[in-house]
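Overview (structure and organization)
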Amino acid sequence: MEQKKHKSSMTERKKDILTGLENLGSRIYEQLDSGYFPSIAMPSRSTENICYDSLLRQFILGDRKVRRSARNIRHLKPFTQLVWAAFFSRELTSQRKTSTLRDVYYSAQAYEMTFTDQQESNNIITDLETVMGLSREDFNIFPEERSAVFGDLTIEYTVPGYEGRTLNLTSHPDGVLIGPALTSAEFAKTTADKVIAIEKGGLFTRFVEENVHNKFNAILVLTAGQAPRATRHFIRRLNRELSLPVYIFTDGDPWGMHIAMVIISGSANAAHLRDLTTPDAKWSGVWASDIVDYKLPTDPLDEVDIKRLYELQKDPRYKEDPLWQKEIKTFMKIKKKAEQEAFSRYGLTYIVDEYLPEKLEETR
Amino acid sequence: MAQTTFEEISASDFFYRNRDIAGFTNPSRAIFAAIRELVENSLDAAESLRIPPDIYVRLSYEGGASKETQIFRLRVEDNGIGVLPRHIPSAFGQVLFGSKYKLKQQRGTFGLGGKMAILYGQITTHQPACIISSTGMAKIYIYKLMIDIQRNRPLILDRKVLINKEQWKGTIVEFCLEGDYFRAMPKILDYFKQTAMVNPYANLTFVDPKGRLYRFTRVTREMPEPPKETSPHPYGVDVELLQRLIQITPYKNMLEFLRNHFHRVGEITARKFLEFSNISPSKNPKKLSHEEIVKLMHMLKRFKEFLPPDASCLSPLGEELLKAGVLKELKPEFVSVNRRKPATYAGHPFIIEVGIAYGGEIPKKGSFMIYRFANRIPLLYDEASDVSVRVINAMNWRRYKVTPDMPTAILVHICSTKVPYKTVGKEFIADRPEVRREIANGLRETARQLQRFLTRREHVDRERKRFGVFSRYLPKIAQFSTRLAGKERLPDIEKLLKSVKKFGTEET
Ligand SMILES: Nc1ncnc2c1ncn2[C@@H]1O[C@H](COP(=O)(O)OP(=O)(O)OP(=O)(O)O)[C@@H](O)[C@H]1O
Ligand SMILES: [Mg+2]
């Protein structure tokens, strides 16, 4: 098996981020010091300015810009909050500390910066992402929800106190949390030749127990529902830096389908960000046609499921690959859905022994 | 068959039987009315000399009468003109005896108020009243008297004369009466406060039965111009008045009669009128028949060329004093007052003064606080029936951006030689179109001023807030950007802050 060692640019990247933040500070400082009300321009995130880029295969922001100016009394507070957020992010990044959105909300109070609520502070962080074109994880602000990874990949930590230490991701059978330490780690080596992303914890554990990582030479990623951004970024890195193909297994319903889609093409909410998508990843199941072909036990689609299907049908992301439209139509026809666990009707190992190899082959 | 008996009753007997029409309806109302009548007499007595009034009122507990009512001793002292000794018994012991029947603006009019208080005291406690008075001459006179109700005559029980060493001038009235102070208290205190409001040149002191002292101190010694006595205006006379004038007149012809007994009637107007009404200028007024007198009255009312009454017989408070009074008693943030030009209704001159006070210590009640006054007397009862309240309710306040939930007080003062009271109780003003119009116009003017104030204040507030926002956030932007950029020195933001302030004032 080919051994890969990819030196990613994690440290370089951190340096760029710091410089970017400092430049933002200098721009505002200079404007103030020469007697002008400082202002910051950034792409507009309003829905009219979000469009799908079929080349990048993700949503991006259009040319419309908004300007936040300290001259405008209504902008003054969010402007100040933005400058504070940039300052706070720089502190985090340079001191190599991590924090969460909740932390940010509370930390603001130490600087006599008041956010009305969590939503307001979340919005400001999104503004900062838009201004910088970077995602908050780059500023060491991580989400609460965490997903996990398991498989033969050795990583090298860059977080303080662990610099240079390595860890093989098969070390713990529950998987390793995809947290700040892992996402900032360099990839040292791997024998895997693919990545399998799984929506549900139960199946992830089953796969580990059934030795899927060995049998299929795969790195297993648990998305735990809708994949957090850090996980999406992590999957992208596995795909880009290690050139591993990515296969995604979800429940057989519109929601599972969309979990796969967000990993592949991103979300409108993150249209201001890059590097969160894995356009070449494959949705391998459970498809609507699998429900028919494998005669899975089902539940009927309810009203919200159907409504969601109609939305997805019109979504530009779903027009990329004929597979999506075909599966949406099948869902609409059979009006049924099935969970990943449904395979258990054929015995606990059926999914690993029969279904998985067939689908990996089919979506290769 | 029962026989119908006829009898004559005296004036005091009449009012004794009908005391409620003068405001002595029940024990709580009676105690209020007694204080009010005596205080008003005292204010009149001081003002007629243009002396800033100093009035001391003491109500003290004498003993229990029944479960609700008690006996109180009321004492009112003033620094007024005093009463000549020969008039004291009648002034305080004979109903419908008084010095204020003349045509000029005064609080008293009927020759009744003070006596009703004393009468009420007498019938509830059977004790005499004590009057001490001096006009500032050598002696002070002390009378103990009761009223002979059947004969409407004073009964003098005792009389003393003291040497007036200090040249004291004034009057002290003291008597006992039954009442319910506990229930009357809020109205009494309101009465003092509001009296102080329209008499800002007066010192009022009230000691209540619990020994609590309420002091309303004057803020000025300025007093309004005193009213001049006037003769009746031709539009305002009736047959009764004509007959009385004819009886007393020394003039032997109609021309002179009209010229000398009527307000604003000169030689030319008199001649024109006589021609208009086909009366010979040389006719002796005493020779007019009853029919002719009735006709004369009708003609007087019909003739269009009489000049309107002038207002020299009126004594409005004036805008300065009204403002001072409102500021002193209500302590508002803003007050605007408006004194209307003199107007007339049915031949009687009147002047309306209004004021609007806003904010400060004025409470928010959800409705306007309304203060009504007539000839510098507060009107405290029957608010809903008063013309002012009707005008206030009918007004489109939204036009002036004023709403009843704002802390707003409205004040309406009517001065007239004949205040159009609806009742003898002197508690509310009748709805006369002329009066209504003047009140409405005055309120509009003051409301406009209040609106201007509110708009200006809103603007200043907005600018202050605006500046507050900038001075709160700009330093923070400076601080964070300095640290973010890794700089040492804070940028200079003074210029920016100054520009915000300048921008603010330019907008006005
Ligand atoms: N404190 C006083 N000082 C001087 N004179 C007084 C005083 N009190 C009463 N008088 C005189 O006694 C008269 C009678 O007073 P009273 O209150 O009975 O009637 P009024 O004031 O003339 O009219 P009203 O019935 O409207 O009160 C007054 O007209 C006044 O001349
Ligand atoms: Mg009187």
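This text gives an overview of the structure that appears in the document. (Residues numbered from 1 in each chain as written. Chains lettered and ligands numbered in written order. Predicted model: local features only at pLDDT ≥ 70, side-chain atom pairs only at ≥ 80, totals over all residues. Heavy atoms only, no water.)

**Section: the side chain of A:Thr190**
Residues and elements named next belong to chain A. The line we're drawing: Per the convention used, a helix needs a DSSP run of H or I reaching at least four residues, while a strand needs a run of E reaching at least two, with both numbered from the N terminus. We call a residue buried when its accessible area falls under 20% of the maximum for its residue type, exposed when it is over 50%, and partly exposed in between, using a 1.4 Å probe and counting protein chains only. Pairs of N or O atoms are called polar contacts if they sit within 3.5 Å, as long as, within protein, a hydrogen donor faces a hydrogen acceptor (for residues adjacent in sequence, only side-chain-to-side-chain pairs).
With respect to the helices and strands, the residue Thr-190 is situated in strand β11 (residues 186-190). Judged by relative accessible area, Thr-190 falls into the buried class, the value being 2%. At a separation of 2.5 Å, a polar atom in the side chain of Thr-190 contacts the main-chain carbonyl oxygen of Asp-152. In this structure the side chain of Thr-190 is engaged in a polar contact, spanning 3.0 Å, whose partner is the backbone nitrogen of Ala-192.

**Considering the environment of B:Leu484**
Applied cut-off: For this analysis, residues touch if any pair of their heavy atoms sits within 4.5 Å.
Its place among the elements puts B:Leu484 in helix α12 (residues 433-485). Once you skip the residues sitting within four places of it in the chain, B:Leu484 turns out to touch A:Leu21, A:Glu22, A:Gly25, A:Val83, A:Ala86, A:Phe87 and A:Arg90.

**Remarks on the pattern of salt bridges**
Applicable threshold: Put simply, a salt bridge is a Lys or Arg side-chain nitrogen that is within 4 Å of an Asp or Glu carboxyl oxygen.
With the rule as written, the count across this model stands at 53 salt bridges over all chains. Between A:Arg90 and A:Glu22 there is a salt bridge, with the nearest N and O atoms lying 2.6 Å from each other. Placement of A:Arg90 in helix α2 (residues 73-95) and of A:Glu22 in helix α1 (residues 10-33) is noted, with a sequence separation of 68 residues between them. Note that B:Glu174 is salt-bridged to B:Arg75, the shortest N-O span being 2.5 Å. With B:Glu174 in strand β6 (residues 169-179) and B:Arg75 in strand β2 (residues 70-77), this residue pair connects regions lying 99 residues apart in the sequence. Taken individually, B:Glu174 and B:Arg75 each receive the classification buried, so the pair is uniform in this respect.

**So, the interface of chain B and chain A**
The criterion, for reference: A simple way to read buried area is as the amount of 1.4 Å-probe accessible surface that goes missing from two parts once joined, with both sides added. Only Asp, Glu, Lys and Arg are considered charged in this grouping, and only Ala, Val, Leu, Ile, Met, Phe, Trp, Tyr, Cys and Pro are considered nonpolar; every other residue, Gly among them, is considered polar.
Opposite the 25 residues of chain B that make contact, chain A presents 29 residues. Summed over both partners, the interface of chain B with chain A comes to about 2,400 Å²; 72% of that surface belongs to carbon and sulfur atoms. Among the residues of chain B in contact with chain A, B:Ile477, B:Phe480 and B:Leu484 are the three that bury the most area, contributing 30% of the side total. In this assembly, chain B and chain A are joined by 2 salt bridges. When the shortest N-O distance is used, the salt bridge between B:Lys487 and A:Glu30 registers 3.6 Å. Sorting the residues of the side of chain B that touches chain A by element identifies α12 and α13 (494-506) of chain B as the ones contributing at least two each. Element by element, the count of residues in the side of chain B that touches chain A is highest for α12(B), at 15 residues. Looking at side-chain class alone, the side of chain B that touches chain A contains 14 nonpolar, 3 polar and 8 charged residues.

**Focus on the nonpolar core**
For the record, the criterion: Side-chain atoms within 4.5 Å link the members of a nonpolar core, which is a set of buried Ala, Val, Leu, Ile, Met, Phe, Trp, Tyr and Cys residues.
Of all hydrophobic cores here, the largest spans 69 residues; its most connected members are A:Ile196, A:Phe207 and A:Leu220. With sequence-adjacent residues up to four places away left out, A:Phe207 is seen in contact with A:Ile196, A:Ile198, A:Val212, A:His213, A:Leu220, A:Ile351, A:Val352 and A:Leu356.

**Notes on the site of ligand 1**
Residues and elements named next belong to chain B. The condition that has to hold: We define proximity as follows: a residue is near a molecule or strand when any one of its heavy atoms falls within 4 Å of that partner. Residue burial considers only the protein chains on display, and all accessible areas are found by Shrake-Rupley using a 1.4 Å probe.
Taken together, 24 residues lie near ligand 1, and Asn-41, Ser-99, Thr-109, Leu-112 and Gly-113 sit nearest. Contact distances for ligand 1 include 2.9 Å between an oxygen atom and a backbone N or O atom of Gly-111. At a separation of 2.7 Å, an oxygen atom of ligand 1 approaches a polar backbone atom of Gly-113. Against a free-state accessible area of 590 Å², the protein chains account for coverage of 93% of ligand 1. Listed by contribution, the elements that provide at least two residues to the shell around ligand 1 are α2 (27-47), α3 (88-93) and α4 (113-125). Residue composition of the shell around ligand 1, by class: 8 nonpolar, 11 polar and 5 charged.

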